[in-house]
Amino acid sequence: MTPREITISTHLLLHHLLPFTLSLLQPPHHQPVHVPTLVPHAPTPLTRSRFSAEAQLDFTTRCNASCFHRAEQEEQMTDKLAFETLYADGFRTLTTVEVEDDDDDALHPTHAPEWRWRRRLKRRMKRQIYGADGRFNIQGDDFLMDYPFSTAVRISTGCTGVLVSQQHVLTAAHCVHDGKDYVHGAQKLRVGFLIPPSVNGTKAGLIPNKKPLVRWVRVKRTRVPRGWIQGPQEVSMDFDYALLELRWPHRRPFMRLSVAPSSDDLAGNRIHFSGFDSDRPGELVYRFCPVEEESSELIYQHCDARPGASGSGVYGRVWDDALEHWERKVIGIFSGHQWLEIDGENRDYNVAVRITPLKFAQICYWVHGNRLDCRQD
């Protein structure tokens with residue numbers, strides 16, 4: 001076994017031993033999250049998509065203090081939560097929504113974190129890889145087919161997605177739409193499930209380091225929030241998520257969604273995600289890191305990532321009051337890279353879209369099709 005393989009195995013062993021460590025942690029003390037109700041209107045037919053856009057896998061934005069502390073008005077937020085549905089035949093609809101809620105804080109959050117530089121960095125960092133590369137290739141049947149790595153899937157446009165139900169995949173909006181039109185590959189969009197060598201007929205050990213094959217499944221329909229389609233780029237990053245509905249259900253475990261808690265309420269203040277980084281073709285790549293900063297809409301971090309990882313499900317260990325234990329849940333979607341200018345200083349981060357109560361209500365409705373089922377479990 002090579003030193004790198006030993007390092008990978010050690011990290012993955014710790015990954016699996018973490019539940020024992022978590023059992024020693026005290027659950028966070030916080031009020032239950034209130035999720036508003038999203039009420040959709042009847043869909044309006046739109047013209048067919050031209051599928052004229054090019055997929056942009058290396059997604060970068062810029063933001064300043066006003067952008068970071070931006071607060072949406074209720075009417076603006078309701079407009080951004082409207083969504084387009086793209087069907088396999090190119091037919092599109094627009095669904096506007098209303099938000100029913102008796103808790104004003106859900107629509108006008110007052111708990112957006114104060115900005116602070118947690119780390120003073122003396123040099124400008126190389127984009128997307130920060131210092132020593134902290135990513136690990138996931139290899140071997142035992143790991144590839146093991147939860148949570150088995151929830152990561154490929155998107156045929158070159159991105160990553162995460163299984164969030166038996167028939168739904170969450171990914172980044174920019175993987176299927178450039179903000180003006182759907183990308184070429186969205187017309188025949190497919191989701192790829194990894195098949196380890198031993199499952200696809202290769203006997204383990206005969207061909208060392210053989211990469212897994214991919215089984216592709218067609219997408220039945222795609223949903224994208226209007227906040228991504230209509231907004232300027234720095235605002236759109238807040239809505240860089242899309243949900244894909246598969247033509248057929250799969251049989252693999254999926255990861256449940258959660259409203260993203262404060263990073264202080266994540267076990268170890270740590271997030272994780274696995275994706276198909278473009279510089280490691282054919283490999284599933286795992287990484288983890290602490291949360292550096294957070295706004296009401298985004299999670300800022302220095303998890304090493306390259307194009308292709310966009311759309312990965314960002315998860316953390318969240319305390320589940322009903323089950324009374326820490327559970328891995330998707331709390332965001334890896335989007336890309338953002339330069340921030342605050343108080344005259346520039347910093348660069350890799351960024352995940354935060355699942356807020358309103359976004360949770362929207363994605364949940366997309367999954368279940370029944371707003372009554374959409375509450376924080």
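The coordinates are above.
These numbers were taken from a predicted model, which means no experiment stands behind them.

Draft legend 1. Representation of the pattern of salt bridges. Following the criterion strictly, the structure yields 15 salt bridges and no others. Lys 359 is the partner of Glu 297 in a salt bridge, and the nearest nitrogen-oxygen pair spans 2.7 Å. With Glu 297 in the loop between β15 (284-294) and β16 (298-301) and Lys 359 in helix α8 (residues 357-368), this pair connects stretches of sequence that are 62 residues apart. On the basis of relative accessible area, Lys 359 is assigned to the buried category, the value being 3%. The residue Arg 347 makes a salt bridge to Glu 345 at a minimum N-O spacing of 3.1 Å. Overall, Arg 347 belongs to the buried group, its relative accessible area being 11%. A network of salt bridges, in which partner residues are shared, links Asp 133, Arg 135, Asp 277, Asp 279, Arg 280 and Arg 287.

Draft legend 2. Examining unusual backbone geometry more closely. Note that the residue after Tyr 147, namely Pro 148, is joined by a cis bond; omega there is 10°. By the element assignment, Pro 148 lies in the loop between α5 (141-144) and β8 (152-155). A positive phi angle, close to 55°, is found at Asn 269, a residue other than glycine. Here Asn 269 is to be found in the loop between β13 (242-246) and β14 (270-275).

Draft legend 3. How the structure looks around the state of the cysteines. Throughout the structure, instances matching the rule amount to 2 disulfides. A disulfide bridge connects Cys 159 with Cys 175, and the sulfur atoms are separated by 2.1 Å. Its S-S torsion of approximately -95° makes the covalent link between Cys 159 and Cys 175 left-handed. Of this pair, Cys 159 sits in strand β9 (residues 159-163) while Cys 175 is found in the loop between β10 (168-171) and β11 (190-195), placing the two residues 16 residues apart along the sequence. By the burial criterion, Cys 159 is buried, and Cys 175 matches it.

About the criteria used
Residues numbered from 1 in each chain as written. Predicted model: local features only at pLDDT ≥ 70, side-chain atom pairs only at ≥ 80, totals over all residues. Heavy atoms only, no water. Salt bridge = Lys/Arg side-chain N within 4 Å of Asp/Glu carboxyl O. Helix = DSSP H or I, 4+ residues; strand = E, 2+ residues; numbered from the N terminus. Buried < 20%, exposed > 50% of the residue type's maximum accessible area, 1.4 Å probe, protein only. Disulfide = S-S within 2.5 Å.

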